[in-house]
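Structural overview
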Amino acid sequence: MPFDLDRIRADTPGVMGTLFFDSAGSSLPPLPVLDAVISHLRLEAQVGGYRAAEMAGDRFAGVKQSIAELIGCAPNDIALLDSAGRAWNEFFSAVPFQPGERILTCRADYPSNAVNALKAHKTHGVSVEVIPSDEFGRVDLDALAAMLDDRVRLVSLVEVPTNSGLINPVRDVVELAHQHGALVLHDACQSVGQLPVNVAESGVDALSSTGRKWLRGPRGTGFLYVNPKTTAGLEPRVLGTSTTAWTSPDGYEVANDASRFEQWEGNIAGFLGLGAAVDYLLGVGVEEASATLRANARRLRAGLAQIPGAQVWDLGDELSGIVTFTLADKAVDSVVAELAGHSVSCHFSRRTSAQHDMAAKGLSAVVRLSPHYFNTDSEIDDVLELVADVASGLKS
Ligand SMILES: *Cc1c(COP(=O)(O)O)cnc(C)c1O
C-alpha cells in the first residue's frame, strides 16, 4: 500500500487543532486503536471481563502475533506488560547476578534502567560501568571490545535515547558481547515504531518497549521479548499466577515461554489497542513510516539551524526522529510553555532523564520535538516560525 498521508491524517483525530510533536513522549493513537480499546470496554460492561476476554480470544492471541511479525520473533517469545520500564525490569531482575560480575551500560542510559543497575550494585555486589562514546555520542565499539571479559554478565543498551537523535549500533554491540558470553538487553522503547527493529537479525537476548510512544498505542501497555534460549535459564523475580502452575502443595512450575514474565491480571482492552497499533503500523509500512518521520526530523533540524540563538544538540550522520535544541538565554520550560500557548505539543528532557549524556553536553535541559510520519511539511514550517518568534522575543 502506498504511503497515504491524507488517509493517515483522517485516521488521526488528534492532528486537528494541535501541532503535535511529542511522539517520543506519548503519541496520537489512530482510530482503529481507539475502536479496539473502547469496544472491548463496552463488551466488558455488557458481559463482564472474563466472558469478554473469552470472546476476544483470537484477537487477543493476535496481539502477540502482530508484535512477533513486527520485530521478527515467535509469539511465545513475547510477554505483554504495562510499560517498557516494567518489561526491562522483568528481564533484568531475573538475571541471577553474582558478586564481582560486571554490568556495562551506555551514555544514552535511561533513568529507570540506570537506577536499577545501581540498585543491583548495592544488593548483588556487581559493578556498573559506562561504555565510553565516540565523537557522536554512540557506544564506542573499540572501547567496548577492550572492556569486555568473562565477568561481564550483561550489556544494557539503549538504542535511541529519550533526549537526543542518537542511534546506537545494536547488532555490533551484540556481536562483541556474545563473544564473551554476556547477555544483551536492548531498550527499544524509542526504537519500535520509529525504526525497523528485528531481533532475529540483531541477536539480542531481550528487548523492552512501550505502547504509547512511536507505536501510537494506548498508555499502560508495553512488552518484553526474550530469546527462548535465554528464557529457559531465568526465573522471574515475582511469579505470576497464570504463568506459574501450583502443581502440588509444595511445588510449582513456571511457563516454558516468555509468558512467565507476565501477570495474570492485565488491561485486556489496552493490549487489544496495542495490537491494533502494531497492525496499523504494519499497514502503513515500517520502512515508509521510519523514512518519513526521519525526513520530518531532518527538515526540523535544518530549519532550527537557521534560527539565530537556536542550537541543535543531536550529533551524528544517522539520526532518529528525536530533535533536541536550546535557545540562547531562554529557559527550556518557558520555551515549551510558550510553544504550548500556540498549540504546539512538545516536551523537554532534563538532566535527570539522561545524566551521562546531558553532563557531557553541559546541559540541564533541552527542548524535544519528535515528529511522526503523520506530521506535514507545513506543520513543521509553522513550528519553525513559532520557535523563531520565541527566540526573537516576539512571543513572550
Ligand atoms: C520512555 C522510555 C522508557 C520507559 O518507558 P515506560 O513505558 O515509560 O516505562 C525506557 N527507555 C527509554 C529510552 C525511554 O525513552
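Residues numbered from 1 in each chain as written. Predicted model: local features only at pLDDT ≥ 70, side-chain atom pairs only at ≥ 80, totals over all residues. Heavy atoms only, no water.

Here is the rule: UniProt positions are given in the numbering used here, feature names are shortened, and annotations may be inferred rather than shown by experiment.
Naming follows an unreviewed UniProt entry, where the chain appears as Probable hercynylcysteine sulfoxide lyase of Segniliparus rotundus. The annotation that UniProt attaches to the chain under Function (unreviewed entry) is "Probably catalyzes the conversion of hercynylcysteine sulfoxide to ergothioneine." What the UniProt record of the chain gives under Cofactor (unreviewed entry) is the line "pyridoxal 5'-phosphate".

1. Let's talk about the UniProt feature "modified residue: N6-(pyridoxal phosphate)lysine" (unreviewed entry) in the chain
The condition is simple: Here a strand is any run of E in DSSP of at least two residues, a helix any run of H or I of at least four, and the numbering for each starts at the N terminus. Residues are treated as being in contact if the distance between any of their heavy atoms lies within 4.5 Å.
Using the residue numbers shown here, the UniProt feature "modified residue: N6-(pyridoxal phosphate)lysine" (unreviewed entry) corresponds to K213. Inspection of the secondary structure assignment puts K213 in the loop between β7 (206–210) and β8 (222–226). Setting aside residues up to four positions removed in sequence, K213 forms contacts with S23, A24, G25, S27, C189 and Q190.

2. Some thoughts on unusual backbone geometry
This is how it is decided: Under the scheme applied here, a residue whose accessible area is under 20% of the maximum for its type counts as buried, over 50% as exposed, and between as partly exposed, the area being computed with a 1.4 Å probe on protein chains only.
Positive phi outside glycine occurs at R216, with the angle close to 65 degrees. Structurally, R216 is set in the loop between β7 and β8. Residue classification places R216 among the buried residues on the basis of a relative accessible area of 1%.

3. Here's the deal with the site of the ligand
Short version of the rule: Here, proximity means that at least one heavy atom of the residue falls within 4 Å of the molecule or strand. N or O atoms closer than or at 3.5 Å make up a polar contact, with two conditions inside protein: a donor-capable atom paired with an acceptor-capable one, and, for residues adjacent in sequence, both atoms drawn from side chains. Amino acids are sorted into nonpolar (Ala, Val, Leu, Ile, Met, Phe, Trp, Tyr, Cys and Pro), charged (Asp, Glu, Lys and Arg) and polar (every other residue, Gly among them).
In the vicinity of the ligand, 13 residues are found, and the nearest of them are G85, D187, Q190, T210 and K213. The side chain of T210 places a nitrogen or oxygen atom 2.7 Å from an oxygen atom of the ligand. Residue R212 places a side-chain N or O atom 2.9 Å away from an oxygen atom belonging to the ligand. For the shell around the ligand, the class distribution of residues is 5 nonpolar, 5 polar and 3 charged.

4. Re the sheet that holds strand β12 (residues 323–327)
Note the threshold: Note: two strands are recorded as paired if DSSP finds a minimum of 2 bridges between them. Lines are fitted to the C-alpha atoms to define the axes, a helix being fitted only along its stretch in contact, and any angle between axes, read from their N-to-C directions, falls within 0 to 180 degrees.
Strand order in the open sheet made by the 4 strands is β11-β12-β15-β14, with antiparallel pairing throughout. Looking along the sheet, the strands with just one partner apiece sit at the ends: β11 (310–312) and β14 (347–350). Adjacent strand axes in the sheet meet at a mean angle of 40 degrees, parallel and antiparallel pairs treated alike. Two elements, β12 and strand β15 (residues 365–369), share 3 bridges in a ladder whose sense is antiparallel. Directly across from F325, in β15, lies its bridge partner V367. Packing of helix α13 (residues 332–340) onto the sheet brings it into contact with β12, β14 and β15, and relative to β15 it is tilted by some 25 degrees.

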